[in-house]
Amino acid sequence: MSLINPADTVEKQNEKLLVIAQSLMRRVEQKSEESGLAYRQFERAALLESQVRERTRDLERTLDLLQDSNARLEVARAETETARSNLAEAIETIDEGFALFDTDDRLVLFNSRFCQDLLDIVPGLSAGLPFEDYVSLVSESRFLSLPKNQTPEDWAQRRLDHHRDPHVVFNVSLLRDRWLQVSEHRTSGGGTVILQTDVSDIIQLERQERDKLRDEQARILQATLDHLNQGVCIFDRNRTLVGWNSKMDGFLALSKPRVTLGMNFSYLINRLRDQLVFTDKVDAERLRSWANRAHGRPPIAFEIRREDGRIYSVFAQEMPDHGFVISFTDVTAEREAARALFEMNEQLERRVRDRTQELGVALAEAERANASKSRFVAAATHDLLQPLSAAKLFVSSLADKVTTSDAQDVIGKTEAALNGAQQIIEALLDISKLDAGKAVFKVQTIRISDILAPLRDELAATAAAKGIALDILDSSLTVRSDPAYLRRIVQNLLSNAVRYTDKGRVLLGVRRSGTSARIEVWDTGCGIAEADQEQIFQEFSRLNPDPADGGLGLGLAIVERACKGLGHELGLWSKPGSGSCFSLNVPIDTAALPHDAKRAGSENTTSQNLNGLLVLLVENDPAFAGALSLVVEDMGGEVIHAHSADEALTLMHAIQLIPDAFLFDYQLDKGNTGTALYQKITETYGPISAAIVSADRTRELRQTCKTLGLPLMSKPVDRDRLWAHLSDRARYLKAAP
């Protein structure tokens with residue numbers, strides 16, 4: 001049993017303990033000390049007093065701490081109230097509506113502008129209001145302008161869906177064309193801040209600007225439509241006329257009072273039914289059915305005819321908004337032109353058929369006449385050769401018996417005349433055989449060099465007498481042709497080139513062109529106009545004939561017919577005042593060579609054989625040029641030598657031929673250099689294969705050649721290096737297609 005009640009306060013308990021202690025002390029003084037019980041009680045009382053004093057001191061310290069804590073709590077409470085008051089004043093100064101929800105989505109704080117445009121929900125706003133209840137109040141407000149076909153429940157659900165986003169901004173439509181912009185943001189502690197801004201003025205201004213822009217665009221669109229050559233009608237998704245251009249007035253003879261904006265498509269079709277005739281598979285009902293579709297209209301095109309005969313091409317197409325546009329194009333002139341063209345074509349076809357029949361008859365008669373002519377010429381030439389041969393024998397026998405110079409001169413002229421007559425007869429005989437198809441071609445394997453060597457000796461004197469240079473570049477190629485006819489072709493081409501060249505040079509060269517050898521004869525003569533290039537291959541056709549040159553006008557006719565019979569492609573390039581080039585392609589064939597010839601050719605190729613590589617050497621030292629030319633020719637190449645840069649450029653321009661390789665001396669005449677000449681040639685003719693040959697060993701020259709990608713060969717030239725450079729080029733050309 002306890003002497004004090006534990007439920008009492010500390011002060012109450014201390015008072016009771018003091019009373020008990022005083023009572024015990026009095027009783028101790030009154031009783032005898034002999035009583036042991038009293039003494040023990042006294043000791044116990046003394047001990048209790050000590051404990052009471054200690055407990056009292058602890059309680060006093062506790063009370064002091066409690067009083068200090070209460071004082072601090074009071075200060076904190078005052079500061080909190082001050083901060084809350086300051087926060088309320090701060091948010092009240094914000095122009096926008098402001099509200100703060102805590103982490104549990106309960107309303108904590110809001111200012112007077114919050115939901116001020118929704119007056120009917122303001123009484124329901126209070127601290128602790130759940131966010132869902134706040135949204136429900138807004139959705140049921142009579143000031144909220146809901147979108148069409150949207151219920152308050154739908155609006156509230158969409159608003160709650162926005163609430164899940166960390167940041168969201170959207171506009172809310174109110175009555176009387178008012179708008180609120182709602183901004184919702186998450187705080188760092190998980191709360192939500194809502195700002196409401198009145199943006200009615202901004203939206204109304206934007207709407208006005210948009211209307212102005214729409215009006216301006218409408219004016220631009222109308223001006224654009226009026227500028228078109230087609231008549232255009234535009235209908236919206238409800239098939240109502242929303243736009244058309246001025247061209248519709250002239251095309252369909254309609255006017256603004258009769259056709260106005262807002263008119264229905266079906267009504268317009270009914271008004272036009274009597275004026276228009278549909279000429280294609282599309283009729284008025286099908287067009288109406290097409291327009292009545294809600295969407296998915298495929299483009300259609302058809303033609304209509306008006307009462308006055310005008311024809312229009314109509315094209316209708318759906319627009320992205322499910323409206324549609326129809327254009328009318330006046331095609332009357334095109335259709336009339338097409339009809340006239342069709343009738344003209346029929347007339348031309350009839351005339352062509354009639355003329356073809358006439359030409360067929362004329363061609364048959366011409367072929368019969370040509371066959372008769374060929375037979376007559378063959379018979380006449382054969383008969384004429386007999387007395388002509390006898391006459392030549394008589395004249396030759398007479399020459400041994402005449403001793404006077406005058407008589408010898410007469411005999412010489414007689415023999416020349418007889419030889420000329422014989423040439424004419426033989427040429428006529430060749431022509432007749434070629435025309436009649438009775439020429440016999442003995443195609444075999446021949447070396448081009450066997451054809452060219454005799455011609456060089458035969459024509460060199462004639463060229464020298466005229467003061468022109470004749471260069472016939474030898475070739476080691478072997479071809480398939482008739483030796484006699486090939487010689488006659490090349491001889492006629494060379495003779496013509498010499499005959500019609502008064503100054504300059506004549507060049508014959510052969511180059512490989514795929515599987516063919518291309519024989520080219522270049523001259524610097526008067527040239528042939530393009531209009532005359534077909535005429536020169538006709539019999540007895542001569543341009544600017546000169547009786548003194550002895551020409552017969554049969555040489556090119558024989559060339560053309562022989563090339564056709566042999567299958568050798570014949571080509572001609574010519575420019576008046578610059579010269580001409582005749583060429584023919586002869587197929588290469590080394591398989592039919594005799595065994596010894598093939599072995600010899602193989603041995604030459606195995607050693608040093610450039611296979612007719614054409615090299616242009618530009619060197620102003622004649623002695624060195626001669627030695628270098630000899631070395632290249634020993635290797636199987638062919639050399640054209642030019643003494644200067646100007647001569648090299650003139651030569652290339654005159655013959656229109658790009659050599660296979662170039663060797664340039666560095667120091668040329670008049671301060672020119674080989675590197676500069678190389679650059680000029682590449683600028684004019686494109687990339688070429690070239691090398692610089694020079695005794696100059698300066699670093700500048702080496703750097704220049706390195707920059708240009710030119711090999712540099714120092715004098716004296718090493719034969720092996722020269723062979724390596726030229727043989728690489730020859731192998732490249734041989735491998736090229």
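Residues numbered from 1 in each chain as written. Predicted model: local features only at pLDDT ≥ 70, side-chain atom pairs only at ≥ 80, totals over all residues. Heavy atoms only, no water.

### Re unusual backbone geometry
Let me state the cut-off plainly: Runs of E in the DSSP output that reach at least two residues are strands. Runs of H or I that reach at least four are helices, and both are numbered from the N terminus. Any residue under 20% of the maximum accessible area for its type is buried, any over 50% is exposed, and the rest in between are partly exposed; the area is computed with a 1.4 Å probe on protein chains only.
In the Ramachandran plot, Cys115 falls in the positive-phi region, its phi being about 60° despite a non-glycine side chain. With respect to the helices and strands, the residue Cys115 is situated in the loop between strand 2 (107-110) and helix 3 (131-139). For Cys115, a relative accessible area of 0% gives the class buried. At Arg239, a residue that is not glycine, the phi angle is positive and equals roughly 60°. Checked against the element boundaries, Arg239 lands in the loop between strand 6 (231-235) and strand 7 (241-244).

### Regarding the sheet that holds strand 6
We apply this condition: The criterion for strand pairing is that DSSP finds at least two bridges linking the strands in question. For helices, the fitted axis covers only the stretch in contact; all axes are lines through C-alpha atoms, and the angles between them, taken along N-to-C directions, range from 0 to 180 degrees.
The sheet built from 6 strands is open, its strands ordered 7-6-11-10-9-8 with antiparallel pairing. The open sheet terminates on both sides in strands that have one partner only, identified here as strand 7 and strand 8 (276-278). Pairs of neighbouring strands in the sheet enclose a mean axial angle of 25°, with direction left out of account. As judged from the 3 bridges shared by strand 8 and strand 9 (residues 300-306), these two strands associate in the antiparallel manner. Along strand 9, the bridge assignment pairs Phe278 with Ile304.

### Focus on helix 13 (residues 555-566)
For the α-helix, the turn length of 3.6 residues means that residues three or four positions removed from each other point alike. Put simply, the test is: What a helix is expected to span follows from its residue count: subtract one and scale by 1.5 Å.
For helix 13, spanning 12 residues, the distance from its first C-alpha to its last is 16 Å, which sits close to the expected 16 Å at 1.5 Å a residue. Immediately downstream of helix 13, the backbone of Gly567 shows phi near 80°, a positive value.

### Concerning the pairing of strand 16 (residues 516-523)
Among the 8 residues of strand 16, 7 are classified as buried, and the element is accordingly described as predominantly covered. As defined by bridge partners, strand 16 adjoins strand 18 (residues 579-587) across 8 bridges and the pair is classed as antiparallel. Counted as the bridge partner of Asp523 is Ser580 from strand 18.

### Overview of the packing of aromatic side chains
This is how the line gets drawn: Two aromatic rings, drawn from Phe, Tyr or Trp (for Trp, its six-membered ring), form a pair once their centres lie within 6.5 Å of each other, and the interplanar angle then sorts them: stacked below 30 degrees, edge-to-face above 60, tilted otherwise.
All chains considered together, the criterion is met by 12 aromatic pairs. Ring geometry for Phe265 against Phe324: centres 5.5 Å apart, planes inclined by 90°, an arrangement best described as edge-to-face. Of this pair, Phe265 sits in helix 7 (residues 265-272) while Phe324 sits in strand 11 (residues 324-330), and the two are 59 residues apart along the sequence. Taken individually, Phe265 and Phe324 each receive the classification buried, so the pair is uniform in this respect. Taken together, the ring pairs connect Phe101, Phe110, Phe114, Phe131 and Tyr134 into an aromatic cluster.

### Considerations on helix 17 (residues 674-685)
Applicable threshold: An arc is given here, and it is the one of the directions from the helix axis to the C-beta atoms. Contacts between residues were defined by any pair of non-hydrogen atoms, one from each residue, lying within 4.5 Å.
The first and last C-alpha atoms of helix 17 sit 16 Å apart over 12 residues, in line with the 16 Å expected at 1.5 Å per residue. Considered for burial, the residues of helix 17 that qualify are Gly674, Thr675, Leu677, Tyr678 and Ile681. Projection of helix 17 onto a plane perpendicular to its axis shows the buried side chains occupying an angular sector of 155°, all on one side. Opposite the buried face of helix 17, at more than 90 degrees from it, the exposed residues are Glu683 and Thr684. Of the surrounding secondary structure, the elements contacted by the buried residues of helix 17 are strand 19 (614-618), helix 16 (645-655), strand 21 (661-665), strand 22 (690-694) and helix 18 (699-708). Phi for Gly686, located one or two positions after helix 17, is positive at around 95°.

### Describing the pattern of salt bridges
What counts is decided by this rule: Every case where a carboxyl oxygen of Asp or Glu lies within 4 Å of a side-chain nitrogen of Lys or Arg is listed as a salt bridge.
The tally for this structure, following the rule as stated, stands at 19 salt bridges. For Glu285, the salt bridge goes to Arg288, with nearest N and O atoms at 3.6 Å. Here Glu285 and its partner Arg288 are both found in helix 8 (residues 284-291), 3 residues apart, which amounts to about one turn of the helix. The partly exposed category is assigned to Glu285, whose relative accessible area is 44%.

### Points about the sheet that holds strand 13 (residues 469-472)
An order of 13-15-16-18-17 is seen for the 5 strands of this open sheet, with the pairing classed as mixed. Looking at the sheet topology across the chains shown, the edges are occupied by strand 13 and strand 17 (569-575). Adjacent strand axes in the sheet meet at a mean angle of 15°, parallel and antiparallel pairs treated alike. In the sheet, strand 15 (residues 505-513) pairs with strand 16 via 8 bridges, with the strands oriented antiparallel. Each residue of the ladder has a partner; that of Gly509, found in strand 16, is Glu520.

### Observations regarding the side chain of Thr445
The criterion, for reference: Any N or O atom pair separated by 3.5 Å or less is treated as a polar contact, with the protein-specific requirement of one donor-capable and one acceptor-capable atom, and with residues adjacent in sequence counted only for side-chain atom pairs.
Turning to its location among the elements, Thr445 is positioned in strand 12 (residues 444-447). Its relative accessible area of 17% is what places Thr445 among the buried residues. Looking at Thr445, its side chain comes within polar contact range of the side chain of Arg480, at 3.3 Å.

### Section: the packing of helix 11 (residues 448-466) against helix 12 (residues 483-499)
For clarity, the cut-off: Any angle between 65 and 115 degrees counts as roughly perpendicular, while under 35 counts as roughly parallel, over 145 as roughly antiparallel, and the rest as oblique. Crossing handedness: left-handed means the near helix sits turned counterclockwise from the far one by under a right angle, and right-handed means the same turn made clockwise. Any residue that is not Ala, Val, Leu, Ile, Met, Phe, Trp, Tyr, Cys, Pro, Asp, Glu, Lys or Arg is counted as polar, Gly included; the first ten are nonpolar and the last four charged.
The contact between helix 11 and helix 12 brings their axes to 11 Å, and the two run at 15°. Taken as axis vectors, helix 11 and helix 12 run roughly parallel relative to one another. You can see that helix 11 and helix 12 cross each other, and the crossing is right-handed. Side by side, helix 11 and helix 12 meet where Ile451, Leu452, Pro454, Leu455, Glu458, Leu459, Thr462, Ala463 and Lys466 of the first sit next to Pro483, Leu486, Arg487, Val490, Gln491, Leu494, Ser495, Val498 and Arg499 of the second. Each residue belonging to the contact of helix 11 with helix 12 can be placed in one class, and the counts come to 11 nonpolar, 3 polar and 4 charged.

### A closer look at the packing of helix 15 (residues 622-634) against helix 19 (residues 719-735)
Running from N to C, helix 15 and helix 19 point in directions that differ by 60°, and their axes come no closer than 11 Å. Looking at the two axes, helix 15 sits oblique to helix 19. Between helix 15 and helix 19 lies a crossing whose hand is right-handed. Side by side, helix 15 and helix 19 meet where Leu628, Val631, Val632 and Asp634 of the first sit next to Arg719, Leu722 and Leu726 of the second. Of the residues that constitute the contact of helix 15 with helix 19, the class distribution is 5 nonpolar, no polar and 2 charged.

### Quick look at a nonpolar patch on the surface
Note the cut-off: Every patch collects residues that have over 30% relative accessible area and no salt bridge, joining them within 9 Å if they carry like charges and within 5 Å if they are nonpolar side chains (Val, Leu, Ile, Met, Phe, Trp, Tyr). Areas reported here follow the Shrake-Rupley algorithm with a probe of radius 1.4 Å; residue values treat only the protein chains shown as occluding.
On the surface, Leu341, Met344 and Leu348 cluster together into a nonpolar patch covering about 270 Å² of accessible area. Position of Met344 among the secondary structure elements: in helix 9 (residues 332-399).

### Points about the confidence of the model for the chain
Operational definition: The pLDDT value expresses, per residue, how confident the predictor is, ranging between 0 and 100.
Counting all residues, the mean pLDDT for the chain is 78, and 78% of those residues have values of 70 or more. Ranking the elements of the chain by mean pLDDT puts helix 14 (residues 595-606) last, at 40, and strand 21 first, at 92. Contacts for the low-pLDDT stretch residues 592-607, under 50 throughout, to residues beyond four places or in other chains number 12 contacts.

### Here's the deal with the nonpolar core
Rule in force here: The definition of a nonpolar core used throughout is a set of buried Ala, Val, Leu, Ile, Met, Phe, Trp, Tyr and Cys residues joined through side-chain atoms within 4.5 Å.
One finds Leu486, Leu494 and Leu508 to be the most contacted residues of the largest nonpolar core, which totals 37 residues. Of all the secondary structure elements, the ones that give two or more residues to this core are helix 11, strand 13, helix 12, strand 15, strand 16, helix 13 and strand 18. Take this core: its biggest share by element is 8 residues, from helix 12.

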